Amino acid sequence: MIVLHKKSEFNSQKMTEQQKIFMKMAIELSQKGMDLGKGGPFGCIIVRNGEVIGKGSNSVSSTNDPTAHAEVMAIRDACKNLNNFQLEDCDIYTSCEPCPMCLGAIYWARPARVFYANSKKDAAKAGFDDQFIYDELDLPYHQRKIPFKQILADEAKIVFENWLKKENKTLY
Ligand SMILES: [Zn+2]
């Protein structure tokens, strides 16, 4: 219930001057990354207590890394700087609504809030349509463009059992 309350409060909040400044930084990064030939027009910064602690711009084509989206780059940078795998109390400012991969990464990183500028629809108009990934999620495995097949589950399960038995592990 508390979470729901916080959410509606967040949605009804007006944009603050500080939020405007941080989003402008993310948008500037998206332009700069594109101009420097790093990759697509996407930028992201991560803020904690009013301080920028991580930034990234899309670097897919320049690093031959399909996962090098702006949000993933910024999360890696922020986590490295914080020396932590969680982005507790952090705000993410991204120049575009995150794709499904980045959305997953954001949930794993657990920031407090996400601000985005361009929407998914804006991205689709610019040639970055991720709708096909959402469509794939609804399909049974055998109908997906990339087929998924489960094999050797019994062998792999042993490692999970070992994990459950393991002492002194870092939970995340
Ligand atoms: Zn992404």
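Residues numbered from 1 in each chain as written. Predicted model: local features only at pLDDT ≥ 70, side-chain atom pairs only at ≥ 80, totals over all residues.

- For the chain, an unreviewed UniProt entry supplies the name Cytosine/adenosine deaminase and the organism Belliella baltica.

So, the pairing of strand β2 (residues 51–57)
- Where strand β1 (residues 43–48) meets β2, six bridges bridge the pair, whose relative direction is antiparallel. Considered in β2, the bridge of Cys 44 is made with Gly 56. (Pairing = 2+ DSSP bridges. Helix = DSSP H or I, 4+ residues; strand = E, 2+ residues; numbered from the N terminus.)

Digging into unusual backbone geometry
- With phi around 50°, Asn 49 is a residue other than glycine that occupies positive phi space.
- In this fold, Asn 49 is placed in the loop between β1 and β2.
- In this model, Asn 83 sits at a positive phi of 55°, which is unusual for a non-glycine residue.
- The residue Asn 83 is located in the loop between α4 (70–82) and β3 (90–96) in this model.
- Asn 83 sits in the exposed class, given 6 other C-beta atoms within 10 Å. (Buried ≥ 20, exposed ≤ 12 C-beta atoms within 10 Å, placed from the backbone.)

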